[in-house]
Amino acid sequence: MRIERCYFCSSPCYPGHGIMFVRNDSKQFRFCRSKCHRNFNKKRNPRKVAWTKAYRKTRGKEMAVDSTFDFEKRRNRPVKYDRDLMGKTILAMHKVDQIQQAREKRYFDTRMDDSKAEKKAQARAEIEKSIELLAPAVAQRDQVMRNVVDSARARIAARKKVKSASSAAVDGDAMLDD
């Protein structure tokens, strides 16, 4: 049995499922569910409906061009059954699927790299827009920073006193030895 593709959303239509519409010019349209059939009857463009594969491809959210898509094309030529050929075909299908998944992951990662910088810019704009909420925290931050700097200076001064006292003691011991 052949697994068809929904004309509207491009999801799989399994045998015995969905609706098939045949136009007067004998063109067949398969739909996976009534939702797709209704949208087709309303003459909606699948590229403008957000939940379809066509929309995701036109907006650049999924890969639109790849050599692995050639394997999914429909072939109408009958082939005589050969057990070895079927085994090799199934292995090839698994290999192509792995390659396609790796490429989709790589495509998604490169898309998300750009979005990270965009998210940072949006976060900065949000902070600038509602800075009055952060003003008390910023005021306390200055006080905390002053306290940290003062304690660091005190520690450095204490170390210098200990070093000078120990070096004076060492110098005094050296003078006593002479």
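Whatever comes next refers back to the structure up there.
Please read these numbers as outputs of a predicted model, since none were measured by experiment.

Colleague: Lay out the nonpolar core with the relevant residues and their values.
Modeller: Core analysis: the largest hydrophobic core is formed by 10 residues, namely C6, F8, C9, C13, F29, F31, C32, C36, F40 and V49. Secondary-structure elements contributing two or more residues to this core are β4 (28–31) and α1 (34–41).

Colleague: Quick one: what's the story with the pairing of β4, residue by residue and with numbers?
Modeller: Going residue by residue along β4, you find F29 and F31 tucked away on one face and Q28 and R30 left uncovered on the opposite face. The pairing of strand β3 (residues 19–22) with β4 spans 4 bridges and is classified as antiparallel. Along β4, the bridge assignment pairs M20 with R30. Hairpin geometry of β3 and β4 is characterised by an intervening segment of 5 residues between the two adjacent antiparallel strands and by a positive phi of about 65 degrees at S26.

Colleague: Please provide a residue-by-residue account of a positive patch on the surface, values included.
Modeller: Taken together, the side chains of R33, K35, R38, K42 and R44 make up a positively charged region of the molecular surface. Relative to the helices and strands, K35 is located in helix α1.

Colleague: If you had to explain the state of the cysteines to someone new, which residues and values would you point to?
Modeller: Here, disulfide denotes a covalent bond that connects the sulfur atoms of two cysteines. Tallied over the full model, the rule gives 0 disulfides. Looking at the unpaired C32, the closest cysteine sulfur is the one in C9, lying at 3.5 Å. No disulfide involves C36; its sulfur sits 3.5 Å from the nearest other cysteine sulfur, which is in C9. Since its relative accessible area comes to 0%, C36 is described here as buried.

Reading the values: rules and limits
- Going along each chain's sequence as written, the residues are numbered from 1 onward.
- Local features in this predicted model are restricted to residues whose pLDDT is 70 or higher, and side-chain atom pairs enter the listing and the counts only when it is 80 or higher, whereas totals over whole chains, interfaces and linings include all residues.
- Here the side-chain values reflect all heavy atoms present in the structure, with hydrogen atoms and water set aside.
- Throughout, nonpolar core names a set of buried Ala, Val, Leu, Ile, Met, Phe, Trp, Tyr and Cys residues whose side chains join them through atoms within 4.5 Å.
- We call a residue buried when its accessible area falls under 20% of the maximum for its residue type, exposed when it is over 50%, and partly exposed in between, using a 1.4 Å probe and counting protein chains only.
- Put simply, DSSP H or I for four residues or longer makes a helix, DSSP E for two residues or longer makes a strand, and each gets a number counted from the N terminus.
- DSSP bridges decide pairing: two strands pair if at least two such bridges lie between them.
- Nonpolar side chains (Val, Leu, Ile, Met, Phe, Trp, Tyr) within 5 Å and like charges within 9 Å form the patches, drawn only from residues with over 30% relative accessible area and no salt bridge.
- What sets the accessible areas is the Shrake-Rupley method with a 1.4 Å probe; for residues, cover comes only from the shown protein chains.
- Here, a salt bridge means any side-chain nitrogen of Lys or Arg that lies within 4 Å of a carboxyl oxygen of Asp or Glu.
- Under this rule, positive means Lys or Arg and negative means Asp or Glu; His and the chain ends count for nothing.
- Charge coordinates come from a single atom per side chain, which is NZ of Lys, CZ of Arg, CG of Asp or CD of Glu.
- By disulfide we mean two sulfur atoms from cysteines, separated by a distance within 2.5 Å.

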